[in-house]
Amino acid sequence: MALAQTLSPQRQPSLRADYTIEQDHGAYSSEEHGIWRTLFERQQKLLVGRACQEFLDGISALGVAADGIPDFRRLNDVLEKRTGWRIVAVPGLVPDAIFFEHLANRRFPSTCFIRRPDQLDYIEEPDVFHDVFGHVPLLVHPVFGDYMQAYGEGGVKALRLGGLHNLARLYWYTVEFGLIRTKDGLRIYGSGIVSSKGESVFALDDPAPNRLRFELLRIMRTNYRIDDFQETYFVIDSFDELFEATRPDFTPYYRELARRSSIEPGEVLPTDEALHQGTGRRKR
Ligand code: PHE
Ligand code: CO
């Protein structure tokens, strides 16, 4: 939330009250478009047979071509017709309440800046490649799109009920780092994985991390690391499963979770259904 503290609509006049800005697509340099191209081509090759079909279909539908940083207006034409979602430009992380409010109204806040050439493999904050390439393709999928909107509504509620840290873990282990089981094997749908060269391979192929069946309350008790590959991934069977599991009112869950201890990222419990029990921690 570092950016949210330094930037506020009062202090930065171009920032609107809802923290959105203009993308200014014409202002990108050819080097910046080149960085997008490099990242895009790399991931496109890597993700065949790794990303789930819904993600790959989303990429095709959006025509998020390899030619450069996409113009949000062009993406929005497609997105609005398909699922009613829209991308809004933001300068970086925005306050939680603002973020949830956007999602609840089918607006996905995306950064506009692109990482530097020395950050191709890793950047600690989201940039336009992570936000657009990673997140936007699945917003073309009706059920996933509904899930994201419901998550936004749930976020507003979690803020009120003191459940934010529990709900944030759900986002982390699904939207950002989720895996899905298909008839052809495990596939990636999490945006933090699909936008990372190293983790696209690690998440599916490396023996180190655990791959456990999705379990809502278990996930909402599980801590995560933001500065390394995940030690545990959670696997859903379908987006319908994800949406159905999160449909109930979380109010009693937050009360229950407040009394339970948290689980460490690499821990496997006797009650977990492990598709793969990891061999343990390995540094990036
Ligand atoms: N059903 C949740 C609630 O009542 C909202 C939610 C939906 C949260 C989808 C996350 C994902 O709080
Ligand atoms: Co993200």
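Residues numbered from 1 in each chain as written. Chains lettered and ligands numbered in written order. Predicted model: local features only at pLDDT ≥ 70, side-chain atom pairs only at ≥ 80, totals over all residues. Heavy atoms only, no water.

Novice: Give a description of the coordination of the cobalt ion (ligand 2) that names residues and reports values.
Specialist: Within the protein, the cobalt ion (ligand 2) binds to His130 (NE2), His135 (NE2) and Glu176 (OE); these donor distances fall in the range 1.9 to 2.1 Å. Spacing between the donor residues of the cobalt ion (ligand 2) along their common chain follows H-x4-H-x40-E. Overall, histidine 130 belongs to the buried group, its relative accessible area being 11%. The exposure class assigned to histidine 135 is buried, which follows from its relative accessible area of 5%. (Donors = N, O, S within 2.8 Å, 3.2 Å for Na, K, Ca; no water. Buried < 20%, exposed > 50% of the residue type's maximum accessible area, 1.4 Å probe, protein only.)

Novice: So, helix H2 (residues 30-47): which residues are in play, and what are the values?
Specialist: In this model, H2 (18 residues) spans 25 Å end to end at C-alpha, consistent with the 26 Å of a helix rising 1.5 Å per residue. Among the residues making up H2, those that are buried are His33, Gly34, Ile35, Trp36, Leu39, Phe40, Gln43 and Leu47. The inward-facing, buried residues of H2 contact helix H3 (53-62), helix H6 (128-135), strand S4 (185-188), helix H9 (191-194) and helix H10 (197-205). One or two residues past the end of H2 sits glycine 49, with phi positive at roughly 80°. (Helix = DSSP H or I, 4+ residues; strand = E, 2+ residues; numbered from the N terminus. Expected span 1.5 Å × (residues − 1). Contact = heavy atoms within 4.5 Å.)

Novice: Could you give an account of the site of ligand 1, with specific residues and numbers?
Specialist: In the vicinity of ligand 1, the residues found are Tyr147, Ala150, Tyr151, Gly154, Lys157, Leu167, Leu170, Thr246, Arg247, Pro248, Asp249 and Phe250. One of the backbone N or O atoms of threonine 246 is found 2.7 Å from a nitrogen atom in ligand 1. In this structure, an oxygen atom belonging to ligand 1 sits 3.1 Å away from a main-chain N or O atom of phenylalanine 250. Here ligand 1 loses 94% of its free accessible area of 330 Å² to cover by the protein chains. Every element with two or more residues in the shell around ligand 1 is listed here: helix H7 (142-161) and helix H8 (164-176). It is H7 that provides the largest number of residues to the shell around ligand 1, a total of five residues. Classifying every residue of the shell around ligand 1 by side-chain character gives seven nonpolar, two polar and three charged. (Near = heavy atom within 4 Å. Polar contact = N/O pair within 3.5 Å; in protein donor to acceptor, adjacent residues only side chain to side chain. Areas by Shrake-Rupley, 256 points an atom, 1.4 Å probe, with all protein chains shown as cover. Nonpolar A, V, L, I, M, F, W, Y, C, P; charged D, E, K, R; others polar.)

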